[in-house]
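Structural features, examined
Chain by chain, the residues run as shown.
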Amino acid sequence: MMRHVNVLFQRLFIGVGLIFLASGCTVGQADTATPAASTPPAVTASPTVEQADAATPAASTPPAVATPPAGVSFPALLVIDTDQRTLMEYRNGQAQQRFADLTEGGTILDGMVVADAVVILQEEGLRRIRLTDGDSRFQSFNQTVRSGALIRAGDDAVIYEAKVDDPQAEFGVGTAIGLYRTTDDSMKALLTLARNVGVLHMTADQQRLFLLPFGQDPSFGALLIVNIGDGQVLEERAIEGELFATISPDGRRLVTTSRRAASAGAQEEGVLLDYDLTAPSATPQVISLPKAPGHAWRLTWSPDSRALYFLLRPGDLYDEPATSFGVWRLDAASRVVEQVTDSAPVDAFLRTDGQWLMLQHSGERRGTMINLATRASTVIDLPTQAIVVGWR
C-alpha cells in the first residue's frame, strides 16, 4: 500500500486506520514498550501450488480505451479485480489477459509487484503469482488476518504486516510481521506484538524494524526501533505528526503530516515535518505548503529517496474538501515543493517507480498514470473494486 494502502498505505493509511506514520528524537530504551513475545502466525508446512492461469483472455467487456499522448507509451497495469477475484493486465484501458484466479484464500487485503511476481496478502495467507508463467503458490497463516499491508523490503522481498485478534492487546488487536522472498518462496515470521503498529521500514541488514504504534487517536508521538532477533525495543524516538508518516527507502528521512500556526492566535495550517533519522537531533525541518491553508495527503517516496509525492488539498487536515490542488513533489535535497500536475482527484492512492506515478482514484473506477519526465498523463478505467498492484 501502496496503495492501500502506503500504505502507510506509503506504505503505508489508519482507521483513520490504514495510515502509517513515524519520527525522530532519541528517548532511549523503554521497557514498557517492549513487544509481547507471543506466537506469530506461522505458515503451513505444505504450501498449495495451483495450476497456471496465464494468458486467458478476459471474459468481461473491457473499459473504454485510453489514448496515450503522442510519443508516450504507457505501461501495462497489473490489477486485482476484487469483485471477480482475478489478477488482470490492463493496457491502454483494456483488459488484456487474466493471470490467476483468486477465489481461494479469503478476503484480498493488499498486493504488490515484487521482481517478476505479484505477492497478494489475503486473510488466510500469502499468495505468489509468477508473471512469466502464471504459476500460483499459496502459503497459509494459522489464524485469520483482520487487515494488513505489504511493505517492500528490497528487490525480491516484501514484509507482511497482519492485524490479528489478540485478547492480551489493549484494543484486542495484535500485529504479526513477517518476511516473504519471491526467489525461493520462503516465508519467515519475524515478530508478533501485542499492540497495533504500522511497519515503516526495515534496515538493509534486516536486523531492525522501524514501527509506528497507534491506537484510536490519529496523532502519534513515537517511533520504535526494534531488534528483529529478540523483539526488544532498541530505541524510542519522540516524533510529531497526524494521519500520515513515511520513511524514505534509504532509511534516512522520515516525513509526517502535521499542523502549525504561523503566529500566536493564527489559524493552524498544514505542514510537512521532515526528520533526519541519521542525526541525534529530534527537531524536524518544518516545510510550509503552497496555497495555504491546505494540507498534504497520501505521501509516497520515489524508490531512490530523492522525492516525496503527495496530493495537496485545501483546508484543514481533517476537512473533507471537494477538490484538490493536484499532485506535488518535495525535493529531498533542496526541500523545495513544486507542482507535478494541477489535475488530480481529491483522494487517491499514490504509487511510483520513479518514472511513472500512478493515482488510483478513491471511490471511483479510474486511475491516472503520469509520466514524471514529460508530465504527460492519461486516465484509465478500472474495475469497480480494483487494487492496482504495479505495472510493467
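The rules behind the values
- Residues numbered from 1 in each chain as written.
- Predicted model: local features only at pLDDT ≥ 70, side-chain atom pairs only at ≥ 80, totals over all residues.
- Heavy atoms only, no water.
- Helix = DSSP H or I, 4+ residues; strand = E, 2+ residues; numbered from the N terminus.
- Buried < 20%, exposed > 50% of the residue type's maximum accessible area, 1.4 Å probe, protein only.
- Areas by Shrake-Rupley, 256 points an atom, 1.4 Å probe, with all protein chains shown as cover.
- Phe/Tyr/Trp six-rings, centres within 6.5 Å; stacked < 30°, edge-to-face > 60°.
- Lys NZ or Arg CZ within 6 Å of the ring centre and 35° of its normal.
- Pairing = 2+ DSSP bridges.
- Axes fitted to C-alpha atoms, helices over the stretch in contact; angles between N-to-C directions.
- Core = buried A, V, L, I, M, F, W, Y, C linked by side-chain atoms within 4.5 Å.
- pLDDT = per-residue confidence, 0-100.
- Contact = heavy atoms within 4.5 Å.
- Salt bridge = Lys/Arg side-chain N within 4 Å of Asp/Glu carboxyl O.
- Polar contact = N/O pair within 3.5 Å; in protein donor to acceptor, adjacent residues only side chain to side chain.

1. Focus on the overall build of the protein chain
Secondary structure assignment for the protein chain yields zero helices and 30 strands. The buried share among the 392 residues of the protein chain stands at 57%. Accessible surface for the protein chain amounts to roughly 15800 Å². Of this, 45% is attributable to carbon and sulfur atoms.

2. Overview of the packing of aromatic side chains
With the rule as written, the count across this model stands at three aromatic pairs. Measuring from centroid to centroid gives 5.1 Å for phenylalanine 74 and tryptophan 356, while their planes differ by 45°, and the two rings are tilted. Here the residue phenylalanine 74 occupies a position in the loop between strand E2 (48-50) and strand E3 (77-81), and tryptophan 356 occupies one in strand E27 (residues 356-361), the gap between them amounting to 282 residues. Judged by relative accessible area, which is 6%, tryptophan 356 ranks as buried. Seen from their ring centres, phenylalanine 244 and tryptophan 297 are 4.8 Å apart, and the 75° between their planes marks the pair as edge-to-face. Placement of the pair is phenylalanine 244 in the loop between strand E17 (233-242) and strand E18 (245-247) and tryptophan 297 in strand E22 (residues 294-301), with a sequence separation of 53 residues. There is no split in this pair, since phenylalanine 244 and tryptophan 297 are both buried. We note lysine 291 situated over the ring of phenylalanine 325; from NZ or CZ to the ring centre the distance is 5.6 Å. Over the aromatic face of tryptophan 297 sits the side chain of arginine 313, whose NZ or CZ is 3.9 Å from the ring centroid.

3. Structural notes on the sheet that holds strand E20 (residues 268-276)
Taken together, the four strands give an open sheet; going across it, the order is E18-E19-E20-E21, and neighbouring strands pair in antiparallel fashion. With one partner strand each, in any of the chains shown, E18 and strand E21 (285-288) form the two edges of the open sheet. Sheet twist, expressed as the mean angle between neighbouring strand axes with direction ignored, is 30°. The pairing of strand E19 (residues 253-261) with E20 spans nine bridges and is classified as antiparallel. Bridged to serine 258 within E20 is valine 271.

4. Focus: the nonpolar core
In terms of nonpolar packing, the biggest core is built from 29 residues, with Leu272, Leu299, Phe310 and Leu359 touching the most fellow members. Taken together, the elements giving at least two residues each to this core come down to E22, strand E23 (307-314), strand E24 (327-331), strand E25 (337-341), strand E26 (348-352) and E27. No other element matches E23, which puts six residues into this core. By size, the runner-up hydrophobic cluster in this structure holds 18 residues, among which are Ile177, Leu190, Val197 and Leu211.

5. Here's the deal with the pairing of strand E9 (residues 136-140)
Counting buried residues along E9, four of its five residues qualify, which places the element largely inside the surrounding structure. With five bridges joining them, strand E8 (residues 125-130) and E9 adopt antiparallel strand pairing. Its bridge partner being in E9, glycine 125 is matched across the sheet by serine 140. The turn linking E8 back onto E9 is made up of five residues, and glycine 134 within it adopts a positive phi angle of 80°.

6. Details of the confidence of the model for the protein chain
Chain-level pLDDT for the protein chain is 83 on average; 82% of the residues reach the 70-or-more range. Below a pLDDT of 50 lies the segment residues 1-65, which in the model reaches 216 contacts outside its immediate sequence neighbourhood of four places, other chains included.

7. Some details on the pattern of salt bridges
Oppositely charged side chains can form a pair if their charged atoms are brought close together. Using the criterion set out here, one finds 22 salt bridges in the structure. Notably, a salt bridge pairs aspartate 133 with arginine 130, separated by 3.0 Å at the nearest N-O pair. Owing to a relative accessible area of 28%, arginine 130 belongs among the partly exposed residues under this scheme. Residue glutamate 364 is joined to arginine 366 by a salt bridge in which the shortest nitrogen-to-oxygen separation is 2.8 Å. The exposure class of glutamate 364 is partly exposed, given its relative accessible area of 34%. The network of salt bridges with shared partners includes Arg128, Arg130, Asp133, Asp135, Arg137 and Asp185.

8. Let's talk about the side chain of serine 324
Within the secondary structure layout, serine 324 lies in the loop between E23 and E24. Within polar-contact distance, the side chain of serine 324 engages the backbone oxygen of alanine 344 at 3.0 Å. For serine 324, the side chain forms a polar contact with the main-chain oxygen of proline 345, separated by 3.3 Å. In contact with serine 324, other than residues within four places in its own chain, are Leu312, Arg313, Pro314, Ala344, Pro345 and Val346.

9. Focus: the sheet that holds strand E30 (residues 386-391)
Pairing is antiparallel in the open sheet, where four strands are placed in the order E5-E4-E3-E30. The sheet terminates laterally at strand E5 (94-101) and E30, the two strands that pair on one side only. Mean inter-strand twist for the sheet, computed between neighbouring axes without regard to direction, equals 30°. Bridge count between strand E4 (residues 86-91) and E5: six bridges; the pairing is antiparallel. Across the sheet, residue leucine 87 finds its bridge partner in E5, namely alanine 100.

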